[in-house]
Amino acid sequence: MARPLQHPSTPSGAHTATRPATDFAAARGLGRLGGFCARHATAVIVAWLLVLVAALAGRHLAAPTFSDQVSLPGTASHTGADLLATSMPEAGRPGGKVVFHTNSGAIADQRSALERTLADLRDLPHVTAVSAPVTSVDGRTAYTAVSFDEQLKNLGHDYTGRLDKATGPARAAGFGVAYGGDLDQVVRARADDKLSEGVGLVTALVILLLAFGSVLAALLPLVTALIGVGVGLGIVGIVATTCSFATSATTLASMIGLGVGIDYALFLTTRFRQDLIDGRDPADAAARTAHTSGRAVLVAAFTVAVAMLSLYACGLTFIGKIGLAATLAVVVTAAAALTLVPAALGLVGRRIDRFGLRRPVGEGTDGQNRYADLVARRPWTFLAVGVAVLGVCSLPLLSMRLGHVDAGADRPGSSTRTAYDWLAHADGQGFGVGANGPIVTVVDVGGARSPVDRITADLTTALRTIPGVAAFTPVKASADGRILVTTLTPTTGPQDAATGDLLATLSGRTLPKALHGTGAKAYLTGTVAGQADFRDTVGERLPVVIGIVLVLAFLLLMTVFRSLVIPFKAVVLNLCTTAASYGVLVAVFQWGWGDSLLGLSEPVPIESYVPMMMFAIVFGLSMDYEVFLLSRISEAWHRTGDNRLAVGEGLSATARVISAAAFIMTAVFLSFTASPTVVVKMLALGLAISVIVDATVVRLILVPSAMFLMGRANWWIPRRLDRVLPRLHA
């Protein structure tokens, strides 16, 4: 029969006998920094407030720009676009569609109003061309293609007002007007997630009140995290003036920064209160908290930063910059946790429980001790249950389909969604659902060995017979004779799997076969083709990012905890957490299970870069809980040399705080599912699922059960390796 764990008794009421005032270890490194901040609390807090004001003011004055434009040099779509810009510049310029619709009569009935609108559009700044209107078969829908001499992202959202003014005559005539195509970069306002942040903060406050039972103890992590996130977002905005981030970058930085900021402060505050309960002086308790839990915060933040910056390894600066924005927020919130939090703790001192809702309790309660005993007695049962839960959640991953979420998933009533629907529901040349994602075929005939007329005829014949093409424009040669161009309209929408299959068929079989032996080469370009190249590039480089993150995480944990088994277990379990969160994303977004609850009108593919982003973020965040749990287990192990006792003591001491931290971060992430941006919804839900699974199934079930089963083998490391590794602690 398994022996019960012997847990150290922890008083839950009055303070015990006073311990030595100062620990030697706490007087060094982070302990010295925490003690200094606690003794100079007012100065440190004022300094942080001044930095906050300066960062936000700098962001406002800098006027940062954000864009989702992606460049993929070397891909077929990029090469085709370059050829188009060189030989047929009028076709290669940035542009979009202005769509008109009437519910009664026909567009032609108000031709004078439409002509005035087209003339006003031509007079707009940066407009180089406005095409003749293309009208549907029933005459109720029409569109004009507008070309610009400037990248649309640089026009700014305020340009929407100019478009609205220019289309005023059409509106006055009773037409509906909407903007589609790449004009979404202009008319789609950057998401305002203040409501999401507010809901997340209120929920976090409620959980903190339940966890601490004290108003001051609950407010302290929240306020310090807000200050850290504010400074971080200010810095992100300033950096964005020279390094354009994606439109979702600040939302992601805010979401992650707020989650880890509250968590870091929660872990520190919990340790501080325990030291007060154990009889320490507030200033010394703050120093010891910084020395012990502060090291875990430092290692955890470093792990998150490494995981996020590893996104640059994919070679796509668009994704790397998103990781950079999140890293800036995490680094600043970690700095706030190591300086501002000790200052606030030193300022509040023993008054931290003054406005209490219940009597303060220590880290290891009787309930947590009993749970640790239960896991120790039945480790195989807990291990089997945990593996089964992760397996079930991961199953949908097998059918994941990467793609791009098109404007058809935008909010109903928005300009981009309205333009998409009008084009999709109309009939005629240039209309239909595929008109929202035309495919431009560019044939380089500069080195052709066959006559251009023959190449044109063969290409036309091939395109007429391929299924999935609703229509295509006549093959046209450029003025310099270097390229041939035709635009295809698919029978399916941009995010449809069949459109992806059509691209693969065109590039892999149809076009190479039609041009075989001619010396000409075809390239598919345009928005849809570019997104497909982006998806394929991300898929090719995802293993590189995964490998880098896994190796770096393994090396870091091996160095900190002096073990080969612990980092291997952590890597495997974190991969399982990621797989489970991927599976839930597929079930919700791709299969449509509950998508209406997220404000989606139809199932959508998984955005191509979301899995890569999620892997880095999930791995970094899950390592937070791993480090906090293992740091307490490691403390007990080095003190007692008893693995069974160490695991039980670490689990008992961290179960409540890890659960509270996970629920807080989950609440923060879930609040962002209200964002109008589908990619933000995906990341928010995926991160929320991963955090709650990691903190419950993994940290509270699989990790302790596995460590109980492996016994002293948890701490095995070859002596030679142990001697050469640097000494790091958490």
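This one's a predicted model, so the numbers in the text were calculated from it and none came from an experiment.

Some words on the overall build of the protein
Link 1 in the chain: Secondary structure summary: the protein contains 24 helices and 12 strands in total.
Link 2 in the chain: Taken against the 2.2 N^0.38 rule, which gives 27 Å for 730 residues, the C-alpha radius of gyration of the protein at 30 Å falls within 12% of a compact globule.
Link 3 in the chain: Viewed in the frame of its principal axes, the protein has a C-alpha envelope of about 95 × 50 × 40 Å.
Link 4 in the chain: Relative to its full complement of 730 residues, the protein shows a buried share of 56%.
Link 5 in the chain: Put simply, of all contacts in the protein between residues at least 6 apart along the chain, 81% involve residues at least 24 apart.
Link 6 in the chain: Carbon and sulfur atoms form 61% of the exposed surface of the protein, whose accessible area is close to 29300 Å².
Link 7 in the chain: Taken as two groups, the 59 positive and 50 negative side-chain charges of the protein have centres that lie 10 Å from each other.

A few points about helix 2 (residues 41-62)
Link 1 in the chain: The end-to-end C-alpha separation of helix 2 is 31 Å, in line with the 32 Å expected for 22 residues at 1.5 Å each.
Link 2 in the chain: Regarding helix 2, the residues found buried are Ala41, Val44, Ile45, Trp48, Leu52, Ala55, Gly58 and Arg59. One side of helix 2 carries all its buried residues, which in axial view fall inside an arc of 155 degrees. In helix 2, the exposed positions that point more than 90 degrees away from the buried face belong to Thr42, Ala43, Leu50, Val53, His60 and Leu61.
Link 3 in the chain: Residues of helix 2 that are buried sit in contact with helix 1 (29-39), helix 10 (215-239), helix 11 (249-277) and helix 13 (317-348).
Link 4 in the chain: Downstream of helix 2 by one or two residues, Ala63 has phi in the positive range, about 50 degrees.

Here's the deal with the nonpolar core
Link 1 in the chain: Of all hydrophobic cores here, the largest spans 147 residues; its most connected members are Tyr264, Ile319, Phe589 and Met613.
Link 2 in the chain: What Phe589 contacts, discounting residues up to four positions off in sequence, is Leu598, Leu600, Pro603, Val604, Ile606, Lys681, Met682 and Leu685.
Link 3 in the chain: Within the second largest apolar cluster, 24 residues are counted, among which are Leu121, Val127, Val130 and Leu163.

Observations concerning the pattern of salt bridges
Link 1 in the chain: Under the criterion given, the structure shown has 13 salt bridges.
Link 2 in the chain: The partner of Glu626 in a salt bridge is Lys569, and the shortest N-O contact between them spans 3.2 Å. Taken together, the residues span a long stretch of sequence, with Glu626 in helix 21 (residues 610-640) and Lys569 in helix 20 (residues 565-590) at a distance of 57 residues.
Link 3 in the chain: Given a relative accessible area of 0%, Glu626 falls into the buried group.
Link 4 in the chain: Judged by relative accessible area, Lys569 falls into the buried class, the value being 7%.
Link 5 in the chain: A single network of salt bridges, built from pairs that share partners, joins Lys569, Glu626, Asp694 and Arg699.

Brief notes about the packing of helix 11 against helix 13
Link 1 in the chain: Between helix 11 and helix 13, whose axes approach to 8 Å, the crossing angle comes to 25 degrees. Classed by the angle they form, the pair helix 11 and helix 13 counts as roughly parallel. Helix 13 is crossed by helix 11, and the crossing has right-handed handedness. Judged by residue contacts, Ala249, Leu252, Ala253, Ile256, Gly257, Val260, Gly261, Tyr264, Ala265, Leu268, Thr269 and Phe272 of helix 11 engage Ile322, Ala325, Ala326, Ala329, Val330, Thr333, Ala334, Ala337, Val341 and Leu345 from helix 13.
Link 2 in the chain: A breakdown of the residues in the contact of helix 11 with helix 13 according to their chemical character gives 18 nonpolar, four polar and no charged.

A short note on the packing of aromatic side chains
Link 1 in the chain: The full count for this structure, using the stated rule, is eight aromatic pairs.
Link 2 in the chain: Arranged with centres 6.1 Å apart and planes meeting at 75 degrees, the rings of Phe148 and Tyr159 form a pair that is edge-to-face. Of the two residues, Phe148 sits in strand 4 (residues 141-148) while Tyr159 sits in helix 6 (residues 159-166), which places them 11 residues apart along the sequence. Taken as a pair, Phe148 and Tyr159 share a single burial class, namely buried.
Link 3 in the chain: Here Phe318 and Tyr609 contribute two aromatic rings whose centre-to-centre distance is 5.4 Å and whose plane-to-plane angle is 85 degrees, an arrangement assigned as edge-to-face. One end of the pair, Phe318, is in helix 13; the other, Tyr609, is in the loop between strand 12 (606-607) and helix 21, and 291 residues separate them in sequence. Tyr609 shares its class with Phe318; the two are buried.
Link 4 in the chain: Linked through ring pairs, Phe318, Phe534 and Tyr609 together constitute an aromatic cluster.
Link 5 in the chain: The lysine or arginine in question, Lys97, covers the ring of Tyr143, its NZ or CZ lying 4.6 Å from the ring centre.

Quick look at the environment of Pro494
Link 1 in the chain: Tracing the backbone shows Pro494 in the loop between strand 10 (483-490) and helix 18 (497-514).
Link 2 in the chain: Overall, the relative accessible area of 15% leaves Pro494 in the buried class.
Link 3 in the chain: For the pair formed by Pro494 and Arg171, sequence separation is 323 residues and the distance between their alpha carbons is 29 Å.

Considering unusual backbone geometry
Link 1 in the chain: Of note, the phi angle at His126 is positive, near 75 degrees, even though the residue is not glycine.
Link 2 in the chain: Position of His126 relative to the elements: it lies in the loop between helix 5 (111-122) and strand 2 (127-130).
Link 3 in the chain: Although it is not a glycine, Arg562 adopts a positive phi angle of roughly 50 degrees.
Link 4 in the chain: Within the fold, Arg562 resides in the loop between helix 19 (527-561) and helix 20.

Some details on the environment of Gly139
Link 1 in the chain: Residue position: Gly139 is located in the loop between strand 3 (134-135) and strand 4.
Link 2 in the chain: Gly139 gets classed as buried once you look at its relative accessible area, which sits at 12%.
Link 3 in the chain: Distance from Gly139 to Gly583, taken between C-alpha atoms, is 45 Å for residues 444 residues apart in sequence.
Link 4 in the chain: Ignoring anything within four residues of it in the chain, the contact list for Gly139 reads Ala106 and Ile107.

Comments concerning helix 9 (residues 194-212)
Link 1 in the chain: For helix 9, built from 19 residues, the straight-helix expectation of 27 Å at 1.5 Å per residue is met to within 8% by its first-to-last C-alpha distance of 26 Å.
Link 2 in the chain: Of all the positions in helix 9, only Ser196, Gly200, Leu201, Ala204, Ile207, Leu208, Ala211 and Phe212 are classed as buried. Along the axis of helix 9, the buried positions cluster into a sector of 130 degrees, meaning they face one direction only. In this structure, helix 9 carries Leu195, Val202 and Leu210 as exposed residues pointing more than 90 degrees from its buried face.
Link 3 in the chain: Buried residues along helix 9 sit in contact with helix 10, helix 11 and helix 22 (643-671).
Link 4 in the chain: A positive backbone phi angle near 70 degrees is found at Gly213, which sits one or two residues after helix 9.

Looking at the packing of helix 19 against helix 21
Two measures define how a pair of helices packs: the angle their axes make with one another and the distance between the axes.
Link 1 in the chain: Contact geometry of helix 19 with helix 21 gives a least axis separation of 11 Å together with a crossing angle of 10 degrees. When the axes of helix 19 and helix 21 are compared, the pair comes out roughly parallel. From helix 19, Val538, Arg541, Leu542, Val545, Ile546, Val549, Leu550, Ala553, Leu557 and Phe561 reach across to helix 21, where they touch Met612, Phe615, Phe619, Met623, Val627, Leu630, Ser631 and Ser634.
Link 2 in the chain: Here the contact of helix 19 with helix 21 is built from residues that sort into 15 nonpolar, two polar and one charged.

Procedures and definitions
Residues numbered from 1 in each chain as written. Predicted model: local features only at pLDDT ≥ 70, side-chain atom pairs only at ≥ 80, totals over all residues. Heavy atoms only, no water. Helix = DSSP H or I, 4+ residues; strand = E, 2+ residues; numbered from the N terminus. Rg over C-alpha atoms; globule rule 2.2 N^0.38 Å. Buried < 20%, exposed > 50% of the residue type's maximum accessible area, 1.4 Å probe, protein only. Contact = heavy atoms within 4.5 Å. Areas by Shrake-Rupley, 256 points an atom, 1.4 Å probe, with all protein chains shown as cover. Lys, Arg positive; Asp, Glu negative; His and termini not counted. Charge placed at Lys NZ, Arg CZ, Asp CG, Glu CD. Expected span 1.5 Å × (residues − 1). Arc of directions from axis to C-beta. Core = buried A, V, L, I, M, F, W, Y, C linked by side-chain atoms within 4.5 Å. Salt bridge = Lys/Arg side-chain N within 4 Å of Asp/Glu carboxyl O. Axes fitted to C-alpha atoms, helices over the stretch in contact; angles between N-to-C directions. Parallel < 35°, antiparallel > 145°, perpendicular 65-115°, else oblique. Left-handed = near helix turned anticlockwise from the far one by under 90°. Nonpolar A, V, L, I, M, F, W, Y, C, P; charged D, E, K, R; others polar. Phe/Tyr/Trp six-rings, centres within 6.5 Å; stacked < 30°, edge-to-face > 60°. Lys NZ or Arg CZ within 6 Å of the ring centre and 35° of its normal.

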